[in-house]
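In case you want the letters, here they are:
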Amino acid sequence: MAELKANGAAQATATTARPQTAPAGASPPYLWLTGQLTPWAEATVHITMVGWPAIGAVFEGIRAYWNAEQGQLYVFRLPEHLSRFAQSMKLMRMLPSLTPEQISAGLVELLRANAVREDAYLQPLAFTGGQVWGSRAAADQVPEVLITSRPSPSGLLSGRTSTAGISSWTRISDNVMPPRIKALPNYANSRLASHEAQRNGYDQPIFLNTAGKVAEGPGSCLFMIRDGIVITPPTTASILESITRASVIQLYRDMGVEVVERDMDRTELYVADEVFFCGTAMEVHAVTKVDGYDIGDGKTSGPLLNALERTFNDVVRGADSRYRGWVTAVH
Ligand code: PMP
């Protein structure tokens, strides 16, 4: 990083006309960069770092939830996110650098330094430098690890819903760009589908995989409920191994509801009683229409999702003692 920082400093003096500040109100005081808290405006790299290094970059999306009653901030399933982060780095052939424990400590340090006392979204990002340009962007290197935090109010229990449409874009697959890796370039697939969905009047796309079976959303996994049974595609269906998905499966099973992981056809969605997305950013999020077919009453979320959402809200805010092991207290 020394070289990058030096380059960044040189760039700063060469372009003094342009102040190195983020848009007003958008940036917290600090981010965390490979082992140290760094003032936001000082975390610069050389302009040639823009672009190619991103094709090898992997990241995590993590939520922290504020519990006003306890005056405490809880990070949801932090060890699980950091273990998936390590898995993504390994698959992208990054050399081991910081341990999950070091990254975890950095993340908590960052939340404290930024005095975060509200719901927040954290994004650790691992990337290797720009020594090799082009599609062979550096491998077998120790990555830099950047962590940013930003306010992100939870939408749980707000009654929000989305409509969805089956995308004309196919989900990337394990032998093309493995969805199991939380890699930045995978999101080009998500971006194409999201913009297509919006232009077609839907809030969200739903991807089918190369086998024509239901895969996931652009940044979330998908569940449907038919006749009281909760169903979701398996982790071999071209999906991210989602931590929210695993949590939802366990919460339903603990509630005594049957959960099945199996391939899903698109027409099953059209006749499902309930459909919902789940993911760190989406949390649990009802889908009221798929391709214009009403799900349930076509307007509101159904009873099994409502029951889950109430429990989920308590769990993520550290208010359910049964799942206290799923949250990490910050303050
Ligand atoms: N699928 C994709 C493509 C995602 O980007 C995400 C968000 N990380 C998910 C599923 C949900 O994963 P998680 O529950 O771990 O956030």
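Since the model is a prediction, treat every value here as computed from it, not as a measurement.

What counts, and where the lines are drawn
Residues numbered from 1 in each chain as written. Predicted model: local features only at pLDDT ≥ 70, side-chain atom pairs only at ≥ 80, totals over all residues. Heavy atoms only, no water. Phe/Tyr/Trp six-rings, centres within 6.5 Å; stacked < 30°, edge-to-face > 60°. Helix = DSSP H or I, 4+ residues; strand = E, 2+ residues; numbered from the N terminus. Domains from an automatic or database assignment. Contact = heavy atoms within 4.5 Å. Buried area = accessible area lost by both parts, 1.4 Å probe. Salt bridge = Lys/Arg side-chain N within 4 Å of Asp/Glu carboxyl O. Buried < 20%, exposed > 50% of the residue type's maximum accessible area, 1.4 Å probe, protein only. Pairing = 2+ DSSP bridges. Core = buried A, V, L, I, M, F, W, Y, C linked by side-chain atoms within 4.5 Å.

Turning to the packing of aromatic side chains, a few remarks are in order. Overall, the coordinates contain 7 aromatic pairs when judged by the stated rule. Taking the centre distance of 5.0 Å and the plane angle of 5 degrees together, the rings of Phe223 and Phe276 count as stacked. Highlighted residues: Phe223 in strand β10 (residues 221-226) and Phe276 in strand β13 (residues 274-279), separated in sequence by 53 residues. Pairing Tyr270 with Tyr293 gives two aromatic rings, centres 4.2 Å apart and planes at 20 degrees, and the pair type is stacked.

On to the domain arrangement of the protein chain. Entries for the protein chain in the domain assignment read domain 1 (30-153 + 318-329) and domain 2 (161-300). Computed from C-alpha coordinates alone, the two centres of domain 1 and domain 2 are separated by 25 Å. Facing 23 residues of domain 1, the contacting portion of domain 2 comprises 18 residues. Each partner contributes to the roughly 1,800 Å² buried at the junction of domain 1 and domain 2, and carbon and sulfur atoms together form 63% of this total. Counting every contact that joins domain 1 to domain 2 gives 1 salt bridge. Here Arg63 ties to Glu283 by a salt bridge, and the two come within 3.8 Å at their closest N and O atoms.

The next point concerns the pairing of strand β6 (residues 120-127). Counting buried positions along β6 yields 7 of 8 residues, so the element is predominantly enclosed. Across 2 bridges, the pairing between strand β3 (residues 58-59) and β6 is antiparallel. Pairing of Phe59 across the sheet is with Leu125, part of β6. Across 3 bridges, strand β4 (residues 62-67) lies against β6 in antiparallel orientation. The residue of β6 that forms the bridge with Arg63 is Tyr121.

Moving on, we get to the nonpolar core. Generally speaking, a soluble globular protein has its nonpolar side chains buried in company with each other. Core analysis: the largest hydrophobic core is formed by 31 residues, its most contacted members being Phe76, Val248, Tyr252, Phe276, Val284 and Leu308. Elements represented by at least two residues in this core include exactly β5 (72-76), β10, α5 (243-254), β13, β14 (283-290) and α7 (303-316). Examining the composition of this core, we find that 6 residues originate from one element, α7, more than from any other. Counting contributing residues, this core receives three or more from each of domain 1 (30-153 + 318-329) and domain 2 (161-300). By size, the runner-up hydrophobic cluster in this structure holds 26 residues, among which are Trp66, Val116, Ala120 and Val145.

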